[in-house]
There are 2 protein chains.
Amino acid sequence: MKTMTIGKVAKKSGVGVETVRFYERKDLIDQPPKPPFGGFRIYPAETVEHIRFIRQAQELGFSLREIKELLSLRLDPTADCADVRERAQVKLKEITRKITAMKGIQSALEKLIASCPGEGSIQVCSIIDAIETPETTRRELKKKEKKS
Amino acid sequence: MKTMTIGKVAKKSGVGVETVRFYERKDLIDQPPKPPFGGFRIYPAETVEHIRFIRQAQELGFSLREIKELLSLRLDPTADCADVRERAQVKLKEITRKITAMKGIQSALEKLIASCPGEGSIQVCSIIDAIETPETTRRELKKKEKKS
DNA sequence: ATTGACTCTATACTTAGGTGTAGGGTTTAT
DNA sequence: ATAAACCCTACACCTAAGTATAGAGTCAAT
C-alpha cells in the first residue's frame, strides 16, 4: 500500500497504464517527479480519485477539455474568486440543462416500459418525442432557418 | 417548405450536410429513396427530429452505437414486446445512474459557488470529492485490486 | 439557356481519446 | 544473483465521429 507506482494507480482507477500516462501528457493529472537518480515514480493516493472523476465526467458527456475546466475550478489559491465563481456558474447551467434532458429520456423510457406490459400492442412510444428541443436551441435554429 | 432536400434538413437540424449523410451511412436515420430517374432525395420532416434527438443524446454521453440501440426501442411492430421492454429497462438503469452522478457534480458546483461569495478564501471545494465512486464500481475494483 | 446554388457518389483527411510496442532500465521475490 | 514483473521514453497505430474535396449531375431564377 505504500509505494504506489503507475501500475497500481491504473488498476485502482480501472484504466490502463498507458491511459494514465496519456492523462499526464494532457495535463489532466500531475505527473509526480521521478525520484532523483533513477527508479519509478510514486503517486499520491488522490491521483486515483482524479482519474475516477475524469472517467465519470466523460460518461456524462464532458470532453477532456471540459473536464480540465471543471478541474481547474478546484481550490486554487492564486485564482480570482469571482472568476472561479463565474466559471462554476457556467458549468452549473450546463449540467442543469443536461439533467433536464436526461430526465426527458428517463420518463420516455418509463412510459415505454409501462405501455408494454406483455399484453396488448405498443402503439406510440417514440423516445424521440420525449426530447423536445429546448427553447434556446429552437430560437437559434429559427435564425438559421430563414431561407426555407 | 414542400420539397425538403438534404441541405434543408441539415440547416433545420443544425448539422452539416455531410453529417446527415454520415448518419445515413451508419443507419441512424433512413435514407429516402431517390426519385426514379435522377433528381434529389426528398426528406420527411421527422428526419429533422431524429437528428436533433441524436445530437441531444450525444451531449448526454451516449455513443452513436448506444443511440442506435435507443432508437431501436421505438415502435417496431415486428419486435418482441418482452424484448423491447427488457432493453428499455437496461437503458433506464443506465440513465438513472447518469442522472445521479450528474446531480453529484451539480451540488458540488452549487456548494463551490456558495462558498465563494466574493469575500473570504475558498478553502475546500474539490468537485472531485463530490463524485463518490458508486458502490458497484467500488466492489468491482476491489476484485481487481487483490494484489497491492 | 445559362449561371449559381444545390445534390450525388466516392474517397481522403482530421481530431479526440486512447492503445500497443520496441528497446531499454529497475525492483523484488526466490 | 537472477528471472519475472514492472517501469521508462518514444513513437506508431487504432476507433469513433465527423469534415473536406473532387468531379459530375440537377434545379430554379433570371
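Residues numbered from 1 in each chain as written. Chains lettered and ligands numbered in written order. Predicted model: local features only at pLDDT ≥ 70, side-chain atom pairs only at ≥ 80, totals over all residues. Heavy atoms only, no water.

A word on the packing of aromatic side chains. Taken as a whole and assessed by the stated rule, the structure comprises 2 aromatic pairs over all chains. Measuring from centroid to centroid gives 6.0 Å for A:Phe22 and A:Tyr23, while their planes differ by 50°, and the two rings are tilted. Given a relative accessible area of 31%, A:Phe22 falls into the partly exposed group. We classify A:Tyr23 as buried; its relative accessible area is 2%. Lying across the ring of B:Phe62, B:Lys98 places its NZ or CZ 4.0 Å from the centre. (Phe/Tyr/Trp six-rings, centres within 6.5 Å; stacked < 30°, edge-to-face > 60°. Buried < 20%, exposed > 50% of the residue type's maximum accessible area, 1.4 Å probe, protein only. Lys NZ or Arg CZ within 6 Å of the ring centre and 35° of its normal.)

So, about the nonpolar core. With 70 residues, the main nonpolar core has A:Leu109 and B:Leu109 as its most contacted residues. Residues contacting A:Leu109, with those up to four places away along its chain left out, are B:Leu70, B:Leu73, B:Ala88, B:Lys91, B:Leu92 and B:Ile95. (Core = buried A, V, L, I, M, F, W, Y, C linked by side-chain atoms within 4.5 Å. Contact = heavy atoms within 4.5 Å.)

A few words now on the protein's contact with DNA strand C. Taken together, 17 residues lie near DNA strand C, and A:Thr19, A:Arg55, A:Gln58, B:Gly7 and B:Arg41 sit nearest. With respect to DNA strand C, the side chain of A:Thr19 contributes an N or O atom lying 2.7 Å from a phosphate oxygen. Here a phosphate oxygen of DNA strand C and a side-chain polar atom of B:Arg41 are 2.6 Å apart. A per-class count over the surface near DNA strand C returns 6 nonpolar, 6 polar and 5 charged. (Near = heavy atom within 4 Å. Polar contact = N/O pair within 3.5 Å; in protein donor to acceptor, adjacent residues only side chain to side chain. Nonpolar A, V, L, I, M, F, W, Y, C, P; charged D, E, K, R; others polar.)

Residues and elements named next belong to chain A. Here helix H2 (residues 17-25) crosses helix H3 (residues 46-59) at 90°, and the two axes come no closer than 12 Å. As the angle between them shows, H2 and H3 are arranged roughly perpendicular. Contacts between H2 and H3 involve Thr19, Val20 and Tyr23 on the former and, on the latter, Ile51, Ile54, Arg55 and Gln58. For the contact of H2 with H3, the residue count by class is 4 nonpolar, 2 polar and 1 charged. (Axes fitted to C-alpha atoms, helices over the stretch in contact; angles between N-to-C directions. Helix = DSSP H or I, 4+ residues; strand = E, 2+ residues; numbered from the N terminus. Parallel < 35°, antiparallel > 145°, perpendicular 65-115°, else oblique.)

Lining the immediate surroundings of DNA strand D are 18 residues, of which A:Thr5, A:Arg21, A:Arg41, B:Arg55 and B:Gln58 lie closest. Expressed as a percentage, the sugar and phosphate content of the atoms of DNA strand D within 4 Å of the protein is 73%. Here a phosphate oxygen of DNA strand D sits 2.7 Å away from a polar atom, N or O, in the side chain of A:Arg21. Contact between DNA strand D and B:Thr19: a phosphate oxygen at 3.2 Å from a side-chain N or O atom of the residue. Where the surface near DNA strand D is concerned, the elements lending two or more residues are helix H1 (6-13) of chain A together with helix H2 (17-25) and helix H3 (46-59) of chain B. Per-element accounting of the surface near DNA strand D gives the leading share, 5 residues, to H2(B).

Our next topic: the pattern of salt bridges. All chains considered together, the criterion is met by 14 salt bridges over all chains. Notably, a salt bridge pairs A:Glu18 with A:Arg21, separated by 3.7 Å at the nearest N-O pair. On the criterion of helical spacing, the pair formed by A:Glu18 and A:Arg21 is a turn pair, its members being 3 residues apart in helix H2. For A:Arg21, a relative accessible area of 35% corresponds to the partly exposed category. A salt bridge links B:Glu49 to B:Arg52; the shortest N-O distance between them is 3.4 Å. A residue pair is termed a helical-turn pair when its members lie 3 or 4 positions apart in one helix, as B:Glu49 and B:Arg52 do in helix H3 at 3 residues. Salt bridges linked by common partners bring A:Arg65, A:Glu69, A:Lys91 and A:Glu94 together as one network. (Salt bridge = Lys/Arg side-chain N within 4 Å of Asp/Glu carboxyl O.)

Residue and element names in this part refer to chain A. Every buried residue belonging to H2 is among Val20, Tyr23 and Glu24, and all of these are buried. In an axial view of H2, the angular spread of the buried residues amounts to 105°, which keeps them on one side of the axis. Those residues of H2 that are exposed and angled more than 90 degrees off the buried face are Glu18 and Arg25. On its buried face, H2 sits against H1, H3 and helix H4 (64-71). Downstream of H2 by one or two residues, aspartate 27 has phi in the positive range, about 60°. (Arc of directions from axis to C-beta.)

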